[in-house]
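Structure assessment
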Amino acid sequence: MRDEHIISLLENGPFAELNENDLVTIRLHVGDCDGCLSAFEAAQISRLLLQEHVAVEFEPPPFFHTRVLATLRERQATNDSWSFSKVWRAAGALASSMAAAVALLAVFTFVVPENQITSQQASTGYSAEEVILGQTAQLEDASDGQLLTTIYGVDEEPAR
Amino acid sequence: MELARAAREGDESAFEEIMRRYSPRVFRFAAKFFRQRSLVEEAAQEVFLKAFTELGSFEGRGSMEGWLTRITTNTCLNLLRSSKRRPELTLSDLSHDETNWLDNNLTAAAAAQHQSTERSLVAADLAGRVLQTLPADDQLVLTLMDGEDASVKEVVNLTGWSESKVKVQAFRARRKMREAVEKLLARGRKSGSTRTA
């Protein structure tokens, strides 16, 4: 328990914030406890290392400001050209999709209906129009039997 | 505030003046997190590029210095996060000077010896190497709280983390740092006793 207490004293706050009472408690304890002694030494050394770590200072190099401004201008130029090319590409995409839509509409309006009629004509032997209108002239001249055959598709059984 | 407004409106010379005034502070602050000059410069440059694009968010309620320090903290944290963490540091990774420094600081007279610039640089290098084995958030909190003696509130203000996150992070980071140093010391003692035997 006492080991835990000493270690938690070391970890609860920065080493520099340990007060006199804490240090006395720690020193009394580490005299008998090797584990806590090495933890205490390591905490002391960590503190020294960190102090040295933050003590190192660098000054800005002579042309630092010029370099940052140049990078800034470069980035702005890249952003500008990028946004222009983005708009250009978007406009191109919009124009080509509109052209494609117009072409499709034209195809559906002018080409497909004619094809449909032609293909319908080609595919069916008889159409209602042919039967009713196209063949009216022939049908007028036909006999009753031929007429029935044409309309019902059945030959009249000859009467016996 | 005048400078910030002018810079926001595209006055390049105003922004240059901001850099001239605050770059020494930004460099000093960034140097606490990186040992290589190139990384400090990279961080400082990124800070001013970010500052330029975010000038609109600077409302002038706090100081420009405080605002830039917060940007520096976040930039350094991002750079620490993106840099590769070192695997565990072993005694064989240490230079002769670093091993000597550890040996000498184990003695009671260590604090008094701990004076010369050369020795300080050795210690700073060693600190950097030990810190590099820890996660970025741990490095940041240790540097600020245990190195710079920043309070929990100051770290909250700089990072935007909650108070409890700062406390927990500092507690864990201290433990990790202490354990890493303790391992080095234990191995040093072992190899020392082997040498004397």
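Counting of residues starts from 1 at the beginning of each chain's written sequence and follows it residue by residue. Chains and ligands are labelled by the order in which they are written, letters from A for the one and numbers from 1 for the other. Side-chain atom pairs in this predicted model are given and counted only at pLDDT of 80 or more, local residue features only at pLDDT of at least 70, and totals for whole chains, interfaces and linings cover all residues.

1. Considerations on the overall build of chain B
Inclusion rule: Under the DSSP-based scheme used, a helix requires at least four consecutive residues in state H or I and a strand at least two consecutive residues in state E, with every element numbered from the N terminus. The exposure scheme places C-beta atoms from the backbone and then counts, for each residue, the other C-beta atoms within 10 Å of its own, assigning buried at 20 or more, exposed at 12 or fewer, and partly exposed in between. Once C-beta atoms are placed from the backbone, any two residues with those atoms within 7 Å are in contact.
What chain B contains, in helices and strands, is 10 helices and 0 strands. Listing every helix and strand of chain B by position from the N terminus yields α-α-α-α-α-α-α-α-α-α. Residues classed as buried in chain B amount to 32% of the 197 residues present. In chain B, once contacts between residues fewer than 6 apart in sequence are set aside, the share between residues at least 24 apart is 70%.

2. Some words on the overall build of chain A
If you tally the helices and strands in chain A, you get 7 helices and 0 strands. The buried share of chain A, taken over its 160 residues, is 14%.

3. Some details on the interface of chain B and chain A
We apply this condition: Under the scheme applied, nonpolar residues are Ala, Val, Leu, Ile, Met, Phe, Trp, Tyr, Cys and Pro; charged residues are Asp, Glu, Lys and Arg; polar residues are all the others, including Gly.
The partner chain A presents 34 residues to the 45 residues of chain B that form the contact. Breaking the side of chain B that touches chain A down by element, the ones donating at least two residues are helix H2 (12-30), helix H3 (37-53), helix H7 (117-131), helix H8 (136-147) and helix H10 (163-196) of chain B. Residue composition of the side of chain B that touches chain A, grouped by class: 23 nonpolar, 8 polar and 14 charged.

4. Some remarks on the environment of Leu131 of chain B
As for its placement among the helices and strands, Leu131 of chain B is situated in helix H7. The spacing of Leu131 of chain B and Ala173 of chain B is 42 residues in sequence and 9.7 Å in space, taken between C-alpha atoms.

5. So, the packing of helix H3 (residues 34-55) of chain A against H7 of chain B
We apply this condition: For helices, the fitted axis covers only the stretch in contact; all axes are lines through C-alpha atoms, and the angles between them, taken along N-to-C directions, range from 0 to 180 degrees. Throughout, the term roughly parallel applies to angles under 35 degrees, roughly antiparallel to angles over 145, roughly perpendicular to angles from 65 to 115, and oblique to all others.
Between H3 of chain A and H7 of chain B, the shortest axis-to-axis distance is 8 Å and the interhelical angle comes to 105 degrees. Taken together, the axis directions place H3 of chain A and H7 of chain B in an arrangement best described as roughly perpendicular. On H7 of chain B, the residues that touch Leu48, Leu49, Leu50, Glu52, His53 and Ala55 of chain A of H3 of chain A are Ser120, Ala123, Ala124, Leu126, Ala127, Gly128, Val130 and Leu131 of chain B. A breakdown of the residues in the contact of H3 of chain A with H7 of chain B according to their chemical character gives 10 nonpolar, 3 polar and 1 charged.

6. A closer look at the nonpolar core
The condition that has to hold: The term nonpolar core refers to a group of buried residues, namely Ala, Val, Leu, Ile, Met, Phe, Trp, Tyr and Cys, whose C-beta atoms join them within 7 Å.
Within the largest apolar cluster, 61 residues are counted, with the highest numbers of intra-cluster contacts made by Leu49 of chain A together with Val26, Ala30, Ala44 and Val141 of chain B. Considering each element in turn, this core owes the most residues, 10 residues, to H3 of chain A. Setting aside its immediate chain neighbours within four residues, Leu49 of chain A contacts Ala123, Leu126, Ala127 and Val130 of chain B.

7. Examining the environment of Ala30 of chain B
Residue and element names in this part refer to chain B. Here Ala30 shows up in helix H2. Considered as a pair, Ala30 and Leu77 are 47 residues apart in the sequence and their alpha carbons are 9.9 Å apart. Not counting residues up to four positions away in its chain, the partners in contact with Ala30 are Val40, Ala43, Ala44, Thr72 and Cys76.

8. Structural notes on unusual backbone geometry
Residues and elements named next belong to chain B. Residues other than glycine seldom take positive phi values, yet Asp149 does so here, at roughly 60 degrees. Note on placement: Asp149 falls in the loop between H8 and helix H9 (152-159). Residue Asp149 is classed as partly exposed on the basis of its C-beta count, with 14 C-beta atoms lying within 10 Å.

9. Quick word on the environment of Phe58 of chain A
When you line up the elements, Phe58 of chain A lands in the loop between H3 and helix H4 (64-123). If we ignore the near neighbours within four places in the chain, the residues touching Phe58 of chain A are Phe27, Ala31, Arg37 and Val40 of chain B.

10. Side note on the packing of H3 of chain A against H8 of chain B
Contact pair H3 of chain A / H8 of chain B: the axes reach a minimum separation of 9 Å and the direction vectors enclose 95 degrees. When the interaxial angle is binned, H3 of chain A and H8 of chain B end up roughly perpendicular. Side by side, H3 of chain A and H8 of chain B meet where Arg47, Leu50, Gln51, His53 and Val54 of chain A of the first sit next to Leu142, Thr143, Asp146 and Gly147 of chain B of the second. Looking at the contact of H3 of chain A with H8 of chain B, its residues break down into 3 nonpolar, 4 polar and 2 charged.

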